Amino acid sequence: MTKKVLRHRAKLSVLAASALVVACGGGGGEGGGSSGAFQAISFNYPGGATLLAGPVTLKATADSGLPVAFRSGTPDICTVSGDQLTLVAKGECSVIASQAGGAGANGKQWAAADEVGQLFKVLGRAQTPVVPVAVMRRATTATVSLSGKTDAGLAATYQSTTPSICTVSGTSLTALGDGLCQLTVTAPADASHEALAGTTVIAVSPLPPAVVQSQGKTQIVALATTDADGSALSYASTAPAVCAVAGSELQILAKGTCTLTLSSTSGATENLGVVVDPHFFASGFNPTTNRTLEFGDINTGAGVPISGWCGGADPSFCNLTVTSFSSTFGFDIKQKAGSGWDGSTAGWWAYYNYEIGAPKTSSGDRLPFDLKTEESLFVTLGLNQTLFDGGGAVAVRIQTNNLQKKANGDECYITASVNVQPTSAAPSAYFLPLKNFSVTETCGTDIAQTAEAGLAQIRSFGVRALQFGPSINLSRPTPNADGTLPAPTDPGYTLSTDVTVFGPITFQ
């Protein structure tokens, strides 16, 4: 009998330590005392949900196969009914799993198991600002009223960080130029919600956004009421199941294609459209992980022989900046960074590749991203002024999932590309028909370098990654403060080559 008690206590200490590590403070207690074989409980960590979310299903098993019961150790923070855990207040929730012992299915008698607890912090629900996804600006300015409260009903405070695009006074937003209006939004916490201190972005353009993510709620586009010539504007939805016009607002209601007509008192009319919830390649970005919100990788590489490569010669360097709505990759060529650079740029070439990967699972497994019926890629690109002034196209490449090996044994993916001529350094939206992508990387196979072959590869194998490579004009460096262009021999010579990809990136 003594031998059995010693084995029991040794096992208990191991279980308690395990629960402490996994559950950030959970532990086990003495639940023995009945006769029978020893049994242990394995209790899955139930934390991670936020206050006001739905009930959490508790999961625990006993190695006896007997059912496990649950109870709350902190009923003012969380309650338990059966295997359903409900979070009722912010604080630390303690949940206890127990098994009282008894006869198993085969008649074997089991002693009561030691109770196992899980302890975790219950966070308040996040709150989000209530703002339009876009503002139409047809006249010199457009003024929109923002909600004075978040979706939690708490007072919201706004401040513009892009004053050339928009300004804010109280809850009145004035759009001054086309582009992305970025606002910081703050709101206090309450008993059910965490405080808000975040950023939101509103697109400003003469047209409604090309694509919109519904996010399970009605999205609003603030419509322009006056045209550039002063004429009054009115609208009518021709797809009422998808979108509706209410006063000066376009309400996005459901997935599909929103179509509407614009009418001016001058007699002019326009047909407008918004694609709602297309096939999202990247709905946004995560600045903490430097990935897309769909866990897609962001990879970069660049170089020029006169200056070096990413991670190579100093002071040449590469940098990646990720926000919740954009990802920017820059390669800066600096004066005489390469030991063999004599100040001439004649005959030199540059390499630049900026890659956004297809969606993955949170564990890193790449998900299939098939394009069986979609016809075009939608992406918004921006360039810094130096790169845009240098001219040249941006190569947009679709790297397919067709893995091959080159003659030297290197792995290689069949890739199709199209060249895009930027229309502005500012963020500009591009719809790129898939039928225009020609095979540019054959990996040594006999695949034809044609658009027909490109579309066939995309349809058959799907997308592994999107790549962006601008043409770098080595004779167009970043201007001096007085507007003059430095020569490659000047100490301040810099060629800055920033490319920004904005979310969302979609296929439709």
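For clarity, every value in this text was computed on a predicted model and none was experimentally measured.

**Digging into the state of the cysteines**
1) Next: Counting across every chain of the model gives five disulfides.
2) Next: Two residues share a disulfide in this structure: Cys 243 and Cys 258, whose sulfurs sit 2.1 Å from each other. When the S-S torsion is 85°, as for the bridge of Cys 243 with Cys 258, the disulfide is right-handed. Here Cys 243, found in strand β22 (residues 243-246), pairs with Cys 258, found in strand β24 (residues 256-264); they are 15 residues apart in sequence, far enough to count as distant.

**Digging into the pairing of strand β5 (residues 69-72)**
1) Next: In β5, alternate side chains face the same way, and those of Phe 70 and Ser 72 are buried while those of Ala 69 and Arg 71 on the opposite face are not.
2) Next: Strand direction decides the pairing type here: β5 and strand β8 (residues 91-98), joined by four bridges, are antiparallel. Residue Phe 70 lies in a different strand from β8, and its bridge partner there is Ala 97.

**Some words on the environment of Ser 237**
1) Next: Position of Ser 237 among the secondary structure elements: in strand β21 (residues 233-237).
2) Next: For the pair Ser 237 and Trp 110, spaced 127 residues apart in the sequence, the C-alpha separation amounts to 68 Å.
3) Next: Of note is the side chain of Ser 237, whose polar atom sits 3.2 Å from the backbone nitrogen of Ala 239.
4) Next: A distance of 2.7 Å separates a polar side-chain atom of Ser 237 from the backbone oxygen of Cys 243.

**Re the side chain of Thr 200**
1) Next: Here Thr 200 is to be found in strand β18 (residues 196-205).
2) Next: Taking relative accessible area as the criterion, Thr 200 reaches 13% and is therefore assigned buried.
3) Next: Those residues in contact with Thr 200 that sit more than four places away from it in its chain are Pro 129, Val 131, Cys 181, Gln 182, Leu 183 and Val 185.

The rules behind each value
- Residues numbered from 1 in each chain as written.
- Predicted model: local features only at pLDDT ≥ 70, side-chain atom pairs only at ≥ 80, totals over all residues.
- Heavy atoms only, no water.
- Disulfide = S-S within 2.5 Å.
- Helix = DSSP H or I, 4+ residues; strand = E, 2+ residues; numbered from the N terminus.
- Buried < 20%, exposed > 50% of the residue type's maximum accessible area, 1.4 Å probe, protein only.
- Pairing = 2+ DSSP bridges.
- Polar contact = N/O pair within 3.5 Å; in protein donor to acceptor, adjacent residues only side chain to side chain.
- Contact = heavy atoms within 4.5 Å.

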